Structure formats: C-alpha cells, structure tokens
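Listed below are the residues making up each chain.
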Amino acid sequence: MSQVLFLSDPSQADVSPILGMANELIARGEKVTFFSSDEFKAPIEQIGADFKAYSQELNVFQGQKVVDEEEKPKSGLISALLEPMKFIDDILVQIRGLKFDYAVLSPSYPYANIITQLLGIPKTEQVLHH
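These lines cover the structure that appears in this document, whether it is placed above or below. (Residues numbered from 1 in each chain as written. Predicted model: local features only at pLDDT ≥ 70, side-chain atom pairs only at ≥ 80, totals over all residues. Heavy atoms only, no water.)

## Concerning the overall build of the protein
Point 1. A tally of regular secondary structure across the protein gives five helices and five strands.
Point 2. Tracing the protein from N to C terminus, the helices and strands come up as β-α-β-α-β-α-α-β-α-β.
Point 3. By residue count, 41% of the 130 residues in the protein fall in the buried class.
Point 4. Pairs at least 24 residues apart make up 55% of the contacts formed inside the protein by residues separated by at least 6 positions.
Point 5. Here the protein has roughly 7,500 Å² of accessible surface; of this, 52% comes from carbon and sulfur atoms. (Helix = DSSP H or I, 4+ residues; strand = E, 2+ residues; numbered from the N terminus. Buried < 20%, exposed > 50% of the residue type's maximum accessible area, 1.4 Å probe, protein only. Contact = heavy atoms within 4.5 Å. Areas by Shrake-Rupley, 256 points an atom, 1.4 Å probe, with all protein chains shown as cover.)

## Some details on the nonpolar core
Point 1. By size, the foremost hydrophobic cluster in this structure holds 16 residues, and its most contacted members are Leu5, Leu7, Phe35, Tyr54, Ile91, Tyr109 and Ile115.
Point 2. Elements with a minimum of two residues in this core: strand 1 (3-7), helix 4 (84-94), strand 4 (102-105) and helix 5 (112-119).
Point 3. In terms of residue count, helix 4 provides more of this core than any other element does, three residues in total.
Point 4. If near-sequence neighbours (up to four positions away) are discounted, Ile115 is found in contact with Leu5, Leu7, Ile88, Ile91 and Tyr109.
Point 5. Membership of the second largest hydrophobic core comes to 15 residues, among which are Val4, Ile44, Ile47 and Ala49. (Core = buried A, V, L, I, M, F, W, Y, C linked by side-chain atoms within 4.5 Å.)

## Details of helix 1 (residues 12-27)
Note on helix geometry: an α-helix contains 3.6 residues per turn, so any two residues three or four positions apart are oriented the same way.
Point 1. Its 16 residues place the ends of helix 1 22 Å apart at the C-alpha level, agreeing with the 22 Å of an ideal helix rising 1.5 Å per residue.
Point 2. Every buried residue of helix 1 is accounted for by Asp14, Val15, Ile18, Leu19, Ala22 and Leu25. (Expected span 1.5 Å × (residues − 1).)

## Looking at the environment of Ser8
Point 1. Relative to the helices and strands, Ser8 is located in the loop between strand 1 and helix 1.
Point 2. For Ser8, a relative accessible area of 0% translates into the label buried.
Point 3. Spatially, the C-alpha atoms of Ser8 and Ile18 are 8.0 Å apart, while their sequence positions differ by 10 residues.
Point 4. Filtering out sequence-adjacent residues up to four positions away, Ser8 remains in contact with Asp14, Val15, Ile18, Phe34, Phe35, Tyr54, Ser106 and Tyr109.

## So, the packing of aromatic side chains
Working definition: an aromatic ring pair is given by the centre-to-centre distance plus the angle between the planes.
Point 1. By the definition in use, this model includes five aromatic pairs.
Point 2. Between Phe6 and Phe34, the ring centres sit 5.4 Å apart and the planes meet at 10 degrees, which makes this aromatic pair stacked. With Phe6 in strand 1 and Phe34 in strand 2 (residues 31-36), this residue pair connects regions lying 28 residues apart in the sequence.
Point 3. Assessed through its relative accessible area of 0%, Phe6 is described here as buried.
Point 4. On the numbers, 5.5 Å between centres and 25 degrees between planes, the contact of Tyr54 with Phe87 is stacked. Of the two residues, Tyr54 is situated in the loop between strand 3 (50-53) and helix 3 (76-82) and Phe87 in helix 4; the sequence distance between them amounts to 33 residues.
Point 5. An aromatic cluster of three or more residues is present, and its members are Phe35, Tyr54, Phe87, Tyr109 and Tyr111. (Phe/Tyr/Trp six-rings, centres within 6.5 Å; stacked < 30°, edge-to-face > 60°.)

Here you go:
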C-alpha cells in the first residue's frame, strides 16, 4: 500500500478530475491524503481520503477582505504567489511525520516542484480534459 499526497487548486475544475483518480487509488488499497479547501471536505472524505485544508488565508482562489475602502484586496492567488513560503510551510506543517511515496496534482497547482523536492518524492500531473 502506497501513501499518496494529492494537491489541488481549490476549484471544481481541478478537484473533480483528480478526485476520481483518488477514488480509484483508494479502491486499489492506496492511502490518500488530499489537500483542498473546506468546500471540498465532504466529497474528499466520502471516498475515504484523509482531508487536509489549506489555511483559510492561503486558499488561492479566495479574495481577502478589504480593510480600507480605497485599498484593493489581493486575490488569494496573488497573495500565495507573493508569499510562497507561507503557503508551502502550511502544507509541510500539516503533513509533518507523514511519509508519501508520490504526489498527484492538478496541472495548475503552484509549488508542486518545490513541495515534491522537499519531500523527496516523484509527482504526476493529472491531465485535465475539458
């Protein structure tokens, strides 16, 4: 039984295709840890995967609240790109002590190379067909 890390942008277009792959791997006896946002927690746990949530402020598709009327909010994606180590550290803290054999990720997932290199595991990108 392999331990598989799934990393996905928290969007329906990215989660749905790799959720199917995660389901198939679990059916074959693999252990899956799946990172996404809280909105995908139920479907991820329904297939038997271990759900891990990105920190709310690190959800790459969620805008930040405006503090000042004249200050424009940074999108979650821009914030994540400007502070990559905060985003990466959040994931590494949550998986501390876990060993993965490989990672599966959506094609648009940022930091895939950095995270898989830090963990010393191979990665595979799920090709999305529209």
